[in-house]
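# Understanding the architecture of this molecule
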Amino acid sequence: MRWLTVLPFALAAGCASVEEPDIVAQGGGVVRVSCAADEAGELHDCRILSERPTGLGLGEAALRAAEKSRVDTDVRRSWPAGARVEYNALFRPENMPRP
């Protein structure tokens with residue numbers, strides 16, 4: 001089952017085209033993730049900062065996706081080495097797990 005359909009639009013704090021309350025109100029989900037970015041742009045040491053709704057496994061799905069993601073080269077150049085990035089992983093309502 002593929003739950004995560006929209007990973008970060010841009011890996012930078014506060015970047016998203018949909019407001020968090022809107023997607024949750026529409027039946028979707030959002031997970032706030034924090035990761036360390038290395039010099040190659042790979043993400044590691046990722047942590048869940050928040051998850052809405054809880055209990056559906058969205059946080060774990062977001063972590064799995066984060067570990068396979070990379071920071072865009074142009075964005076990465078503007079960060080100091082070892083920087084942590086935070087972003088929202090958005091889950092569309094039509095792809096939410098069903099009880």
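Since the model is a prediction, treat every value here as computed from it, not as a measurement.

## Description of the state of the cysteines
In total, this model carries one disulfide according to the counting rule given. Between the sulfur atoms of C35 and its disulfide partner C46 the distance amounts to 2.1 Å. The disulfide joining C35 to C46 has a torsion of about 115° about its S-S bond and is therefore right-handed. Separated by 11 residues along the polypeptide, C35 in strand 1 (residues 29–37) and C46 in strand 2 (residues 43–52) bring together distant segments of the chain. Residue C35 is classed as buried on the basis of its relative accessible area of 0%. The exposure class assigned to C46 is buried, which follows from its relative accessible area of 13%.

## Focus on the side chain of S34
Here S34 shows up in strand 1. Those residues in contact with S34 that lie beyond four places of it in its chain are D45, C46, R47, L49, R84, V85 and E86.

## Digging into the sheet that holds strand 3 (residues 84–91)
Read across the sheet, three strands follow the order 2-1-3 without closing on themselves; strand pairing throughout is antiparallel. Strands at the two margins of the open sheet, each flanked by one partner only, are strand 2 and strand 3. Each neighbouring strand pair of the sheet contributes to a mean axis angle of 25°, computed without reference to strand direction. In this sheet, strand 2 lies alongside strand 1 in antiparallel orientation, the contact comprising seven bridges. Along strand 2, the bridge assignment pairs A37 with L43. Packed on one face of the sheet, helix 2 (residues 58–67) meets strand 1, strand 2 and strand 3 and runs near 155° to strand 2.

Here is what the cut-offs are and how they apply
Residues numbered from 1 in each chain as written. Predicted model: local features only at pLDDT ≥ 70, side-chain atom pairs only at ≥ 80, totals over all residues. Heavy atoms only, no water. Disulfide = S-S within 2.5 Å. Helix = DSSP H or I, 4+ residues; strand = E, 2+ residues; numbered from the N terminus. Buried < 20%, exposed > 50% of the residue type's maximum accessible area, 1.4 Å probe, protein only. Contact = heavy atoms within 4.5 Å. Pairing = 2+ DSSP bridges. Axes fitted to C-alpha atoms, helices over the stretch in contact; angles between N-to-C directions.

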